[in-house]
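Take a look at the letters that make up each chain.
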Amino acid sequence: ATSRLDIRDGRILLTQEFREHDFYDASAIAIAVVGRRSRARYLNESTVQLSAAPGKGKFTILISSAASFDRNQEIGALALSELEPAAPQSFNALAASTASWWRDFWAKGFVHMHSADGQADFVEQNYTYFLYLMGASSRGKYPPRFGGMIWYTNGDMRRWGSQYWWANTNAYYRNLIPAGRLELLDPLFSLY
């Protein structure tokens, strides 16, 4: 993988490209400050910093990500373009939109369990946590990777390598149909 830090129009960017024989994949994360003067700078060869100027009042930090298998797609520009629709919106409007999505998500159904020894409560908590993780990570074009999902921050340095394993991915998706969360299966179907 090749990683690059960049500063574009006061926004910071991390891009990564993965190449092996005919395989190509790229990903990017872009960060911007809205509602406050900010400064982007390189601290060293491995760190870029975005700081907001001191002052009273609120400001918003926007973070976007993008990924593509297309060698002709400029992945940094794609991640930056994801920030554009959110930038003119207020924090309250963004929070309301997100709250509305989650309200609709949780309204589809729930499981309530209780037992005197607390084991049923424990199962319910983990079921709810699982649905939350899938709701947060299974709304893109591809399913989240097993063993860290979209939050795995150590590159791809796992001992079993970067291969795809159906048994692992299946563990995330096999129970979404009985849970009534069919929309969360879209990334899995997109993969196939």
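Going by the structure above, here's the rest.
Draft legend 1. Geometry of helix α4 (residues 166-173). Residues of α4 that are buried: T169, N170, Y172 and Y173. Projection of α4 onto a plane perpendicular to its axis shows the buried side chains occupying an angular sector of 155 degrees, all on one side. Looking at the packing, one finds that the buried side of α4 touches α3 (119-137) and α5 (186-191).

Draft legend 2. Molecular detail of the pairing of strand β6 (residues 60-68). Side chains T60, L62, S64, A66 and S68 project from β6 onto a buried face, and the interleaved I61, I63, S65 and A67 project onto a face without burial. As paired strands, strand β3 (residues 23-34) and β6 are joined by nine bridges and run antiparallel to one another. Each bridged residue has a counterpart across the sheet, and for I31 the counterpart in β6 is I63.

Draft legend 3. Just the packing of helix α2 (residues 91-107) against α3, in detail. α3 packs onto α2 with a crossing angle of 135 degrees between their chain directions and a minimal axis gap of 12 Å. With respect to α3, the axis of α2 lies oblique. Along this stretch, α2 crosses α3, giving a crossing that reads as right-handed. Here α2 contributes W101, W102, F105 and W106 to the contact with α3, which in turn contributes T128, L131, Y132, G135 and A136. Considered class by class, the residues forming the contact of α2 with α3 number seven nonpolar, two polar and no charged.

Draft legend 4. Representation of the side chain of S64 in the model. One can find S64 in strand β6. Residue S64 is classed as buried on the basis of its relative accessible area, which comes to 7%. One polar contact links the side chain of S64 to the main-chain carbonyl oxygen of A79, over a distance of 2.6 Å. Not counting chain neighbours up to four residues away, the residues in contact with S64 comprise A28, I29, A30, A79, L80, E82 and L83.

Definitions and limits used
Residues numbered from 1 in each chain as written. Predicted model: local features only at pLDDT ≥ 70, side-chain atom pairs only at ≥ 80, totals over all residues. Heavy atoms only, no water. Buried < 20%, exposed > 50% of the residue type's maximum accessible area, 1.4 Å probe, protein only. Helix = DSSP H or I, 4+ residues; strand = E, 2+ residues; numbered from the N terminus. Arc of directions from axis to C-beta. Contact = heavy atoms within 4.5 Å. Pairing = 2+ DSSP bridges. Axes fitted to C-alpha atoms, helices over the stretch in contact; angles between N-to-C directions. Parallel < 35°, antiparallel > 145°, perpendicular 65-115°, else oblique. Left-handed = near helix turned anticlockwise from the far one by under 90°. Nonpolar A, V, L, I, M, F, W, Y, C, P; charged D, E, K, R; others polar. Polar contact = N/O pair within 3.5 Å; in protein donor to acceptor, adjacent residues only side chain to side chain.

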